[in-house]
Amino acid sequence: LKVANTEDELTNIKAGWVDDPTKRGDYCKLCSCDESKRTIDCREKDLTFVPKTFDQSWTPRIIDLRNNPRLNFLGARSFAEVGDMLEEIRLPENISYISYRLFDGLDKLQ
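Residues numbered from 1 in each chain as written. Predicted model: local features only at pLDDT ≥ 70, side-chain atom pairs only at ≥ 80, totals over all residues. Heavy atoms only, no water.

Re the sheet that holds strand β4 (residues 62-64)
With mixed pairing, the four strands of this open sheet are ordered in space as β2-β3-β4-β6. Strands at the two margins of the open sheet, each flanked by one partner only, are β2 (32-34) and β6 (88-90). The average undirected angle you get between the axes of adjacent strands in this sheet is 10 degrees. As paired strands, strand β3 (residues 39-41) and β4 are joined by three bridges and run parallel to one another. When the bridges of β4 are listed, Thr39 appears paired with Ile62. (Pairing = 2+ DSSP bridges. Helix = DSSP H or I, 4+ residues; strand = E, 2+ residues; numbered from the N terminus. Axes fitted to C-alpha atoms, helices over the stretch in contact; angles between N-to-C directions.)

Here it is, written out as structure tokens:
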């Protein structure tokens with residue numbers, strides 16, 4: 001796992017980063033959202049990007065991204081759209097790059 005100061009430091013990149021909501025999609029359309037548990041379950045969805053939009057009236061506490069072998073890159077502010085109440089992110093084992101700005105605004109993360 002590498003946390004870099006700039007996106008340019010990454011070499012041998014296996015995936016690119018896309019910030020376009022039409023290409024990354026919506027959390028609750030690609031994953032299972034449970035308002036009562038305040039969770040987003042994206043396990044085994046074969047994601048290559050973290051979804052971009054979240055148009056719900058509630059704020060998730062947990063996002064589970066485990067078992068997505070093609071998800072190996074998390075860009076800056078990947079979770080910005082889900083709000084600042086996120087407490088836990090369950091990552092896939094194969095993550096090879098996390099932007100140092102991934103956690104900007106996620107002050108409740110444990």
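Here we look at the side chain of Thr39
Within the fold, Thr39 resides in strand β3. What makes Thr39 buried here is its relative accessible area of 17%. Every residue in contact with Thr39, bar those within four places of it in the chain, is listed here: Ser32, Cys33, Asp34, Trp58 and Ile62. (Buried < 20%, exposed > 50% of the residue type's maximum accessible area, 1.4 Å probe, protein only. Contact = heavy atoms within 4.5 Å.)

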